[in-house]
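Coordinate analysis (summary)
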Amino acid sequence: MTLRTRFAPSPTGFLHIGGARTALFCHLHTRHYGGTTILRVEDTDLERSKQEAVDAILDGMHWLGLDPDEGPYFQSANREKHLDIVDQLLIAERAYRCYCSKEELDQMRDEQRSAGLKPRYDGRCRDRGSAPTPDAPYVIRFRRPKVGEVIWQDKIQGEVRVRNDELDDLILVRSDGSPTYNLAVVVDDHNMGINLVIRGEDHLSNTPRQIQLFEALAWDVPEYAHMPLLHGEDGAKLSKRHGAVSVLAFKEDGFLASAVNNYLVRLGWSHGDQEIFTTKEMEELFDICEVGRSAAIFNSDKLLWINSHHIMDAQPEDLLEELTYQLQRIGIEGVENSRLLEIIPEFQERSKTMVEMAQKIAFLFIDELPPYEPNAAKKHMKIAAIGPLSELTSRLESCQDWSHDSIEKVFKSILDAFGIKMGKLAQPVRVALTGTATSPGIYETLCLLGRQKTISRLKAGVVFLEEKAAAAE
RNA sequence: GUCCCCAUCGUCUAGUGGCCUAGGACGCUGGCCUCUCACGCCGGUAACGGGGGUUCGACUCCCCCUGGGGACGCCA
């Protein structure tokens, strides 16, 4: 039997990191077993469903490389099918009309709570024959079995048992005639041939109810895997209040999709001591059955470290898109890919994020002189560097071949001529060229910057030093 | 409150009764490398929540406590 899994978000907001993890685990497990992933938007609550949210979820999944094989399907489109099933249940007396008002139910729950009981519907309309008044509003409830228990072998949680008397008669159809989530899920999972449901542990308590429904309809029950939740830094379930930001915010912040996936997959799952996984490796190795049962706390330091590794390990071509995106965000546009491809390798192991990379390479593209960082200038732009710097400038000007080796020879000749150490030369040069005290190797930096900009910035550096010397007198 | 789940370094985890004086990773930290930064390498820091059992022997099995989390909607 071919594996069919679904990711079923409700369109009430963007795809956050916890939802992304669920989608990822679905995707990975399904890929491992060669199955089919289905995206189904759970929009039975039309009031809270938003098209923008659907788009945001789709965008988030696409960025992470989690596009579904089928869908998106919209649960609201299946309304008639859901309601047909309820008719069947009504006829079979597995469902009944309940005329209780919300106030009545609230009061009932309050009483139960104060009596130390679990609040739940007490079934008072179960055997009510007729409507209190002909036009009384009603909901339709499922007539659950009262005895026995629901047992299933959860792929993560192991055997789970729930006594039927712990449950209550859930609502299938609202008083406005619309199907509820639990009904829609069961009908859709069945109709779509879903045979494995992977979802968050927060759905654990829905599962026995849904299994009861499957059984009442004499349908095959899918398998289940309830993932432990991802918690925020405060240890509580991720929510908008607990820093559950859109996954696309990670793109903004310069994270690579593969790194985000890699980070997420290690929360609850491991493969020996391996920390860094390519997407392909994850798809080959991951198995939902190996996921642990305890919740994990989101830790941005680890994500940053993983991101830096994915940047280092990437082919430069694979960084083009994200780098161009980040450059454009800081106002640098129109840089040729071929030029970027020369630059990227020098910055891969120096950038933890693509934002950082864009910032670090920005000095190469500005036409004006780079502003000197005060600390860098103070520490390295010493008056004593005037001689070496100006001599270097003129020797570079007459240097025929702007290559790493030729540039190195020129530098070495200056070192010999002045009897100074590399640090005394390279650092002032670095500040003059980049405005900062850090950059790739100095020869590489000159190569990337090019002859023209190098010479003019060095000259400006000499002027800067001369002015400084003049002011000191 | 009721029901359910979880419990190894601050964090992510390995560990499936003896290989554990508990391994790896992030973080923090000492050092090496070095033209800077980074990478890399070497070292350090730090954990089996508590109490009972079971056993020749428990991080590993059972029970209780404690702690954390989740669920209890005409939301999904």
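Parameters and conventions
- Residues numbered from 1 in each chain as written.
- Chains lettered and ligands numbered in written order.
- Predicted model: local features only at pLDDT ≥ 70, side-chain atom pairs only at ≥ 80, totals over all residues.
- Heavy atoms only, no water.
- Helix = DSSP H or I, 4+ residues; strand = E, 2+ residues; numbered from the N terminus.
- Rg over C-alpha atoms; globule rule 2.2 N^0.38 Å.
- Buried < 20%, exposed > 50% of the residue type's maximum accessible area, 1.4 Å probe, protein only.
- Near = heavy atom within 4 Å.
- Polar contact = N/O pair within 3.5 Å; in protein donor to acceptor, adjacent residues only side chain to side chain.
- Nonpolar A, V, L, I, M, F, W, Y, C, P; charged D, E, K, R; others polar.
- Pairing = 2+ DSSP bridges.
- Axes fitted to C-alpha atoms, helices over the stretch in contact; angles between N-to-C directions.
- Salt bridge = Lys/Arg side-chain N within 4 Å of Asp/Glu carboxyl O.
- Domains from an automatic or database assignment.
- Expected span 1.5 Å × (residues − 1).
- Contact = heavy atoms within 4.5 Å.
- Arc of directions from axis to C-beta.

What follows deals with the overall build of chain A. Helix and strand counts for chain A come out as 19 helices and twelve strands. Computed over the C-alpha atoms, the radius of gyration of chain A is 32 Å, more than 25% above the 23 Å expected from 2.2 N^0.38 for a compact globule of 473 residues. Projected onto the principal axes, the alpha-carbon positions of chain A cover approximately 105 × 45 × 40 Å. The buried share of chain A, taken over its 473 residues, is 48%.

Before going further, it helps to examine the protein's contact with RNA strand B. Taken together, 59 residues lie near RNA strand B, and Arg174, Ser205, Gly268, Glu349 and Arg430 sit nearest. Here RNA strand B approaches the protein such that, of its atoms within 4 Å, sugar and phosphate make up 73%. A distance of 3.2 Å separates a sugar or linking oxygen of RNA strand B from a polar side-chain atom of His231. One nitrogen or oxygen atom from the main chain of Gly268 is found 2.3 Å from a phosphate oxygen belonging to RNA strand B. Of all the elements in the fold, those that place two or more residues in the surface near RNA strand B are helix 4 (102-114), strand 12 (296-297), helix 10 (300-313) and helix 17 (422-434). Residue composition of the surface near RNA strand B, grouped by class: 18 nonpolar, 20 polar and 21 charged.

The next point concerns the sheet that holds strand 4 (residues 95-98). Taken in spatial order, the three strands line up as 4-5-8 in an open sheet, and their pairing is antiparallel. Edge strands, defined here as strands with exactly one partner in the open sheet, are strand 4 and strand 8 (171-173). Direction aside, neighbouring strands of the sheet carry axes that sit 45° apart on average. With two bridges connecting them, strand 5 (residues 139-142) and strand 8 associate as antiparallel partners. Within the sheet, the bridge partner assigned to Ile140 lies in strand 8 and is Val173.

Moving on: the sheet that holds strand 10 (residues 223-227). Overall, parallel pairing links the five strands, which are arranged 3-2-1-9-10 in an open sheet. Two strands in the sheet have a free side with no partner beyond their single neighbour: strand 3 (70-74) and strand 10. Between one strand and the next, the sheet's axes are offset by a mean angle of 25°, whatever the strand orientation. In the sheet, strand 1 (residues 4-7) pairs with strand 2 (residues 36-41) via four bridges, with the strands oriented parallel.

Moving on to the pattern of salt bridges. Considering all chains together, one arrives at 30 salt bridges under this definition. Linking Arg163 and Glu166 is a salt bridge whose minimum nitrogen-to-oxygen distance equals 3.0 Å. On the accessibility criterion, Glu166 (28% relative accessible area) is partly exposed. Three or more residues joined by partner-sharing salt bridges are found here, namely Arg6, Arg40, Glu42, Asp188 and Asp189.

Let us look at the domain arrangement of chain A. For chain A, the domain assignment lists domain 1 (4-68 + 230-309), domain 2 (77-227), domain 3 (315-365) and domain 4 (367-473). Computed over C-alpha atoms only, the centres of domain 2 and domain 4 are separated by 75 Å.

End to end, helix 4 covers 18 Å across 13 residues, agreeing with the expected 18 Å (1.5 Å per residue, within 8%). On its buried face, helix 4 is in contact with strand 5. Downstream of helix 4 by one or two residues, Gly116 has phi in the positive range, about 80°.

By the secondary structure assignment, Tyr33 is in the loop between helix 1 (17-32) and strand 2. You can call Tyr33 partly exposed: its relative accessible area is 44%. Contact partners of Tyr33, with chain neighbours within four places excluded, come to Leu3 and Asp287.

This part takes up helix 13 (residues 354-361). Residues spaced three or four apart along an α-helix face the same direction, because each turn holds 3.6 residues. Residues of helix 13 that are buried: Met354, Met357, Ala358 and Ile361. The buried residues of helix 13 all sit within an arc of 100° when viewed along its axis, so they share a single face. Contacts from the buried residues of helix 13 go to helix 10, helix 11 (316-329) and helix 12 (337-347). For helix 13, the N-terminal capping position is held by Thr353, with its side-chain oxygen 3.3 Å away from the main-chain nitrogen of Val355.

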